[in-house]
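Residue strings, one per chain:
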Amino acid sequence: MSPPAGSSFQAAEVVDLYLHRPPYAQEIYERIQNFAPSRDALLDLGCGEGKVARQMTKVFDRVFAVDPSANMITLGKSLENGDAENIEWLEATAENAALQGLFDVVTFASSIHWMEPVPLFTKLKKHLKERHLLAIIRGDDPFEPAWQEEWLAFLTRWVPKVTGRALGSPQWEGARTQYLHHVDRIQEDEFISEPFRQPVEDFIQCQHSRDTFSLSKLGSQKQDFQRELEVILRPHADIQGKLTFQVKTQLTLATLKS
């Protein structure tokens, strides 16, 4: 039997590399705050290390951060605002979390595609205020970097090697959009981040924080993967061995379909 979807995020070898992920475009936080009907309670489902939840402790009275990975939660608690008085961490899947009370805003940061829509939204219906906001966040990959053409060719070769499916396959795309049947979209935006600098080595390690290219899935192919990516990236690094790129973050604002 194959492991459950997203189970790689339970592993310390993946979680330990999460800090190499670039930040989302800052504008998403401002947009969510501006559209929030109230700033009493925010629920962050599939919160990971709390990239969104920890940021929102500065704005919302109460923040509830839910993730099935104990390692992710441990990391999140150790980071900035991870021990804020107004944040509560809960180790559970989004579908099975023991939620209490009503929420103004629910955020999903690169996580909703791991969840089962029917049980998820059946549960949320009981815990959303009449005036509420759902915020689906996607995207921390390089946006049109100097190595874009080589990067796409690399992914086109390596995604099928590891997953057995072509890059951008219908199954892959479908899993990322199935939630749309359960929500009414209000607005969709794309934001480009400020330039981000990262050592080549850290960029490569960041890829292993992703489920597709986790070290356990690459297995004996790890060295070939890293060597090939190093050859692509190194010519684009500056004298300090750092890459400079931006990130495109997509934000979908919605309400639960009535």
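Preceding this paragraph is the structure being described.
To keep things clear, this report deals only with the structure shown in the data block. (Residues numbered from 1 in each chain as written. Predicted model: local features only at pLDDT ≥ 70, side-chain atom pairs only at ≥ 80, totals over all residues. Heavy atoms only, no water.)

It is worth spelling out the packing of helix α8 (residues 200-207) against helix α10 (residues 222-233) at this point. Relative orientation of the contacting elements α8 and α10 amounts to 135°, with a least axis distance of 10 Å. Compared by their axis directions, α8 and α10 come out oblique. Judged by the twist between their axes, the crossing of α8 over α10 is right-handed. Where α8 approaches α10, its residues V200, F203, I204, Q205 and Q207 are matched on the opposing element by F225, Q226, L229, E230 and L233. Its residues assigned to classes, the contact of α8 with α10 shows six nonpolar, three polar and one charged. (Axes fitted to C-alpha atoms, helices over the stretch in contact; angles between N-to-C directions. Helix = DSSP H or I, 4+ residues; strand = E, 2+ residues; numbered from the N terminus. Parallel < 35°, antiparallel > 145°, perpendicular 65-115°, else oblique. Left-handed = near helix turned anticlockwise from the far one by under 90°. Contact = heavy atoms within 4.5 Å. Nonpolar A, V, L, I, M, F, W, Y, C, P; charged D, E, K, R; others polar.)

In this section: the pattern of salt bridges. In this structure the tally under the stated criterion is 17 salt bridges. With a closest N to O distance of 3.5 Å, K129 and D40 form a salt bridge. A residue pair is termed long-range when its members are at least 10 positions apart, and K129 in strand β5 (residues 128-138) and D40 in the loop between α2 (27-35) and β1 (41-45) qualify at 89 residues. Overall, K129 belongs to the partly exposed group, its relative accessible area being 25%. Among the ionic pairs, K51 bridges to D140, the shortest N-O distance being 3.8 Å. One end of the pair, K51, is in helix α3 (residues 51-56); the other, D140, is in the loop between β5 and α6 (148-163), with 89 residues separating them in the sequence. Each member of the pair, K51 together with D140, is buried. Taken together, the shared-partner salt bridges connect R21, K51, D140, D141 and R210 into one network. (Salt bridge = Lys/Arg side-chain N within 4 Å of Asp/Glu carboxyl O. Buried < 20%, exposed > 50% of the residue type's maximum accessible area, 1.4 Å probe, protein only.)

Another point: the packing of aromatic side chains. Summed over all chains, the structure comprises eleven aromatic pairs. Between W158 and F225 the ring centres are 5.2 Å apart and the planes differ by 85°, which places this aromatic pair in the edge-to-face class. With W158 in helix α6 and F225 in helix α10, the pair connects residues that are 67 residues apart, well separated along the chain. F225 carries the same exposure label as W158, and that label is buried. Consider the rings of F213 and F225, whose centres lie 4.8 Å apart with planes at 50°: the pair is tilted. Of this pair, F213 sits in the loop between α8 and α9 (215-218) while F225 sits in helix α10, and the two are twelve residues apart along the sequence. Taken together, the aromatic side chains of W147, W151, F154, W158, F196, F203, F213, F225 and F245 make up a single cluster linked through ring pairs. Over the ring of Y24 we find K51; its NZ or CZ atom is 4.3 Å from the centre of that ring. In this structure, K161 packs its charged tip against the face of W158, placed 4.0 Å from the ring centre. (Phe/Tyr/Trp six-rings, centres within 6.5 Å; stacked < 30°, edge-to-face > 60°. Lys NZ or Arg CZ within 6 Å of the ring centre and 35° of its normal.)

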